[in-house]
Amino acid sequence: MKHNELETKNELHEKSLFDKTVGRRSFLQYAGAGAAGIALVAAGCKKDRGYENPIMGGATLDFKDDFGVLNYAYALEQLEAAFHIKVASAPPASFTAAQKAYFQDIQFHEIAHREFFKAALSTAAIGSLEVDFSSIDFTSSASVLGTAMAFEDLGVAAYNGAGPRIKNGTYLLLAGKIVSVEARHAAYVRDLISNGSFADFK
Amino acid sequence: MGKKISLAAMPLALGSMFQKAYGQTALPAAVVDVLNFALSLEYLEYHFYNHCIVGKTPGSAVTDVTFNFPNAASQAAITTIRDHEKAHVDLLVGALGSSARAPIAYADTDFRAGGTFSTVYSDYGTFLAVAQGFEDTGVRAYKGQAGNLLVSPGVLQTALQIHSVEARHASHIRQMRTAAGTAIYKPWVSLGASGQANDSGVPQVDAVYAGEDLTVQAGANIVGIGGNAGITKAVAVESFDEPLDKASVITIANLFLKDCKKLS
């Protein structure tokens, strides 16, 4: 299996990050978060090759136009929503009632973002991505919080990096409306891990 | 300033990015206006926090900060935020160069807002409530100016990064308010208890939250979108932060500036 490793190491994303053709049967896979940040892997599995044909076409995630940037955001929101739906449906046993409630909130925020992009992009939207979170221990508070932090910091970095590539002011504003909510999430999750670390990202 | 703080406030050495992009050429006038507007807000935020931290420093000549922080972590957090605001001021001053507005001094400010917040430095809860107002206003102000920076992608990049740092501050301040009392303030802007746009519990700052209760985005009704019953009105409001226009932000900022120093 050939993977295209898509790594983000700081608050800016490289243009090449999503400058790949991703087939509708491809998926974004969470590959792990470390000190350097989070890695996303766009993988095209062999068993999926048969589904790729010119008629179905694929979706190109690049920044050549605003739809490309918006689809990039849509992909990230799909990933975030999928993660938070799993967390909210079965939170770690050690989560407090307040934490459970706020992770419910975050889940719905991410679903709202995902559905908004789907509606806004309409026929230009990429398909639904399949996710693989098999490397995450959803029963462990440390694992869930660490992954959530990585996702939220990544989301903020991704929107900030994509912003200057947007040409249309309306779309830029919409991205701006979402990124500050992601930043609020990121600060909350960071403070749960270590109070006062709300802006300690690199 | 520690290395960690400069990294947090200015990821990727934004200062050098500014210089690289604009060190040799003049910024467009519209961009200068936006950056000076941002600089005014950053000066206000910086002085608001700095006066508090200086006042809590042993032996300080500042004696009107009479509340006590409940613990070391809360004072450390306010110090961190103060340092970020200072970094933002320095960054904007550096980017603007000779086009930078005259500095705002603490003496130019009135954080008691003519008596509206008379206990801002004697009551920790009031201090945090005003802090939340500043941070949530800051987020809205930067968001409202983003479109005016499309002509200068390098500047836009930097402004977006400051914008998200202000949102992180707002989230933390809201958590500090919850920790300090019995009321609960979500880290994100929600609906008020009576369904009003202002969720801060402080009616004097209604202007800070005017229009934050929007639930239709680019023509799409967010409530229940995609058949998701969990997307209530409150969720729809929380999911999208709204911008604030320059005139409205100036009206808010001027509450905290002395008469001859008000923004126009």
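Predicted, not measured: the structure shown is a model, and the values here were computed from it. (Residues numbered from 1 in each chain as written. Chains lettered and ligands numbered in written order. Predicted model: local features only at pLDDT ≥ 70, side-chain atom pairs only at ≥ 80, totals over all residues. Heavy atoms only, no water.)

**Remarks on the packing of helix α4 (residues 72-96) of chain B against helix α6 (residues 153-180) of chain B**
Residues and elements named next belong to chain B.
Next up, step 1: Orientation of α4 relative to α6, taken along the N-to-C sense of each, is 160 degrees, at an axis distance of 11 Å. The angle between α4 and α6 falls in the class roughly antiparallel. Every pair of crossing elements has a handedness; the one defined by α4 and α6 is left-handed. Contact residues: S74, A77, I78, I81, H84, E85, H88 and L91 in α4; T158, I162, V165, E166, H169, H172, I173 and M176 in α6.
Next up, step 2: In terms of residue class, the contact of α4 with α6 is made up of eight nonpolar, six polar and two charged. (Axes fitted to C-alpha atoms, helices over the stretch in contact; angles between N-to-C directions. Helix = DSSP H or I, 4+ residues; strand = E, 2+ residues; numbered from the N terminus. Parallel < 35°, antiparallel > 145°, perpendicular 65-115°, else oblique. Left-handed = near helix turned anticlockwise from the far one by under 90°. Contact = heavy atoms within 4.5 Å. Nonpolar A, V, L, I, M, F, W, Y, C, P; charged D, E, K, R; others polar.)

**Concerning the side chain of D191(A)**
Next up, step 1: Note on placement: D191(A) falls in helix α5 (residues 169-193).
Next up, step 2: With no salt bridge to any partner, buried D191(A) finds its closest opposite charge in R190(A), at an N-O distance of 8.0 Å.
Next up, step 3: From its side chain, D191(A) meets the backbone nitrogen of S197(A) in a polar contact 3.4 Å long.
Next up, step 4: Those residues in contact with D191(A) that lie beyond four places of it in its chain are G196(A), S197(A), F198(A), H172(B) and Q175(B). (Buried < 20%, exposed > 50% of the residue type's maximum accessible area, 1.4 Å probe, protein only. Lys, Arg positive; Asp, Glu negative; His and termini not counted. Salt bridge = Lys/Arg side-chain N within 4 Å of Asp/Glu carboxyl O. Polar contact = N/O pair within 3.5 Å; in protein donor to acceptor, adjacent residues only side chain to side chain.)

**So, the interface of chain B and chain A**
A common way to express how large an interface is: the accessible area buried when the components associate.
Next up, step 1: Counting from both sides, the interface comprises 55 residues of chain B and, opposite them, 48 residues of chain A.
Next up, step 2: At the boundary of chain B and chain A, one finds five salt bridges.
Next up, step 3: Salt-bridge contacts for R168(B) lead to D153(A); the nearest nitrogen and oxygen are separated by 2.8 Å.
Next up, step 4: Mapped onto the side of chain B that touches chain A, the elements with two or more residues apiece are α1 (3-9), α4, α5 (124-145), α6 and α8 (233-239) of chain B.
Next up, step 5: Residue contributions to the side of chain B that touches chain A peak at 16 residues, all from α6(B).
Next up, step 6: Of the residues belonging to the side of chain B that touches chain A, the class tally is 30 nonpolar, 16 polar and nine charged.

**What to know about the pattern of salt bridges**
Next up, step 1: Tallied over the entire structure, the rule returns 16 salt bridges over all chains.
Next up, step 2: Residues D136(B) and R184(A) are paired through a salt bridge, measuring 2.7 Å at the closest nitrogen-oxygen approach. Highlighted residues: D136(B) in helix α5 and R184(A) in helix α5, drawn from two different chains. As far as burial versus exposure is concerned, D136(B) and R184(A) are alike and both buried.
Next up, step 3: Look at the salt bridges and you will find they share partners, linking R184(A), D136(B), R174(B), D199(B) and D241(B) into a network.

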